[in-house]
Amino acid sequence: MTSTYRRRLLGWLSYAFASEVFVVVSLTLFLPICLEQFARDNGFLDPDHVSPCSSVTNEDVAPSGGRCSVKIGWLWIDTASFSLYVYSISVALQALTVISMGSVADRPTCRKPLLLAFAFMGASAAVLFLLLSSSSPLWILSALFAVCANVGFGASTVAMNAYLPSLASESPEVVHARMELDETCRDSDAPMNASLDPEAEQALLPGHEAATAPLLGTSATANHSAAQKAYNATLSRTTSHLSSLGIASGYGAGIILLLLALIPVTRLHGSTFSLRLAIGLSGAWWMLFSIPAAVWLPGVLRDPDAQSEDNDKWTVRSEVAAAWSRLGVMLRWSQIKRLQHTFRYLAAWFLLSDGFTTITSTAILFGKTSLHMESSSLVLIGAITPTSGIIGSLVFPYLQRRFAWPNVKVLVILVMIVSCIPAYGCLGFVPFVKKLNFGGLTTPGEMFGLAIYFGFAYGAFQGYARATYAELIPQGEEARWYGLFSITDKSSSFVGPLVVGIIADSTGNIRYAFFFLVFMIWLAVPVLLSVDIEQGRIDAKNYSVDRGQDVGDVEA
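What counts and what doesn't
- Residues numbered from 1 in each chain as written.
- Predicted model: local features only at pLDDT ≥ 70, side-chain atom pairs only at ≥ 80, totals over all residues.
- Heavy atoms only, no water.
- Helix = DSSP H or I, 4+ residues; strand = E, 2+ residues; numbered from the N terminus.
- Buried < 20%, exposed > 50% of the residue type's maximum accessible area, 1.4 Å probe, protein only.
- Contact = heavy atoms within 4.5 Å.
- Disulfide = S-S within 2.5 Å.
- Core = buried A, V, L, I, M, F, W, Y, C linked by side-chain atoms within 4.5 Å.
- Domains from an automatic or database assignment.
- Expected span 1.5 Å × (residues − 1).
- Pairing = 2+ DSSP bridges.

Moving on, we get to the overall build of the protein. From N to C terminus, the protein includes 24 helices and three strands. Expressed as a percentage of its 556 residues, the buried residues of the protein come to 56%. For the protein, the proportion of contacts with a sequence separation of at least 24, taken over those separated by at least 6, is 82%.

Spelled out as structure tokens, the structure:
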């Protein structure tokens, strides 16, 4: 491994180490709790809206069935729903941002500055929670800070993910496999800068060997086919490995800060200040450990001869307009058919990421508002989940090699494992389970077991999902396609929180949301099973878009 490549890899991992803390500590744990607490400290009990929620304890409220609502404008909103609505708004704005920045981030000289700029915005917004008290008349600014932090994280993650395909292709093992492939190209008089032609590469897919064997029967072509398979397998394995390293690095950082945050949260008995302190610390961590990424991440990934396009005159406004124009081109039915497996994967990912993220936020709010768990217990659950996630991200690659599972099969297994969690929560409505006073997520103790179970599957799922997508996108347009991916990434799901917020508002019982989550996750399974990774890789390789012509077509 060359020193240049090692610095690039360490720079990429260091940003995962810096930014993932915000997800583990704030986005999935303290931020929803803190927003709910901000609203509760300014809310009143239903139905008269006279008694302040802060004047009574959870034990006082629970028997009477009173709900806590806060007035936003002219509407009274359930305090748990307030947190979910803010999250949905932040994700919607995040989606607009990542689409708009796609064309700029695909310019090699702009990718790193964009990453650092959005990282600074997000980290600063998290730090500002330290300065805002829930008793302040400006408490509603907490929603603005949460929106800015989430947008900053999501946009910077798009730029970070765009480095993954290049880092994988430049790794020593992939470079070695590519050299062997090029050697077989020379022996078979194939082009040095290309792999198999589409017809020959189709022959590598399951079920095509016998039909095409007479056409590819020469020894040189057979060697080329074997080398192509070896190269694809090495690239896929390396991409998954690097993605898993990033997930494990981020989870490790999150666990460290969670354990540190547990001290003030416990000593201050889960006060609003202790929650604000935890969020502020995640922002400070994010800002501090982004410095190595700023030093080591490459500003330019392409060869000098390929950088002339970045010297052309361009403006941010023109690039944003071009990004939306190209999005229109990408979403044309003709383009969707050309990359149908990529878009099938995106459809499945939309449902799965939205569902998984909503399970996390719903479980935390459910534990706080329905099971009346202490903040220190929720922090401990927040630490257990990523710890189990690290174990899962290491165990499933071993199981995949042991049983020769394709990536899609691993993803389906993980999805079915996670879908059991909301299904288990639905058992809480069964009269027999209610009489047992255990089961169906009716006791705080069950939350700890489910945290281990969920983390074990979710950690592996994140690594496999990102790595699989890297194989299905066209080269040279990573930021643009990862922009679409980020819209439904773990911090970019808005349908689920919005629906859960509506369910909680209309029923007064957030447990009903578990039925919606089961349906949402199971709906993605047949879509995911329809994705052919090998064919999708070929389609992405053969896909090319004339940027000027496409933009001209849209403008015309």
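Let us now look at the state of the cysteines. One pass over the structure, following the stated rule, counts one disulfide. In this model, Cys53 is linked to Cys68 through a disulfide, with the two sulfur atoms separated by 1.9 Å. Between Cys53 and Cys68 the sulfur-sulfur dihedral comes to about 110°; the bridge is accordingly right-handed. A residue pair is termed long-range when its members are at least 10 positions apart, and Cys53 in the loop between β1 (44-45) and α2 (58-64) and Cys68 in strand β2 (residues 68-72) qualify at 15 residues. You can call Cys68 buried: its relative accessible area is 5%.

Residues Phe30, Tyr345, Phe461, Tyr469, Trp481 and Leu528 are the most contacted members of the largest nonpolar core, which totals 146 residues. Tallying contributions element by element places helix α1 (residues 3-41) first for this core, with 21 residues. Each of domain 1 (1-53 + 68-187 + 223-299) and domain 2 (331-555) contributes no fewer than three residues to this core. Those residues in contact with Tyr345 that lie beyond four places of it in its chain are Leu411, Tyr464, Ala465, Thr468, Tyr469, Leu472, Phe485, Leu528 and Val531.

Across its 29 residues, helix α16 (residues 375-403) extends 41 Å between first and last C-alpha, which sits within 8% of the 42 Å expected from 1.5 Å per residue. Phi turns positive one or two residues past the end of α16, at Ala404, with a value near 55°.

What follows covers the sheet that holds β1. On the basis of which strands lie adjacent, the open sheet formed by three strands has the order β1-β2-β3 and antiparallel pairing. Strands at the two margins of the open sheet, each flanked by one partner only, are β1 and β3 (75-78). Examined bridge by bridge, β1 and β2 share two bridges and lie antiparallel to one another. The residue bridging Leu45 from the neighbouring strand is Cys68, located in β2.

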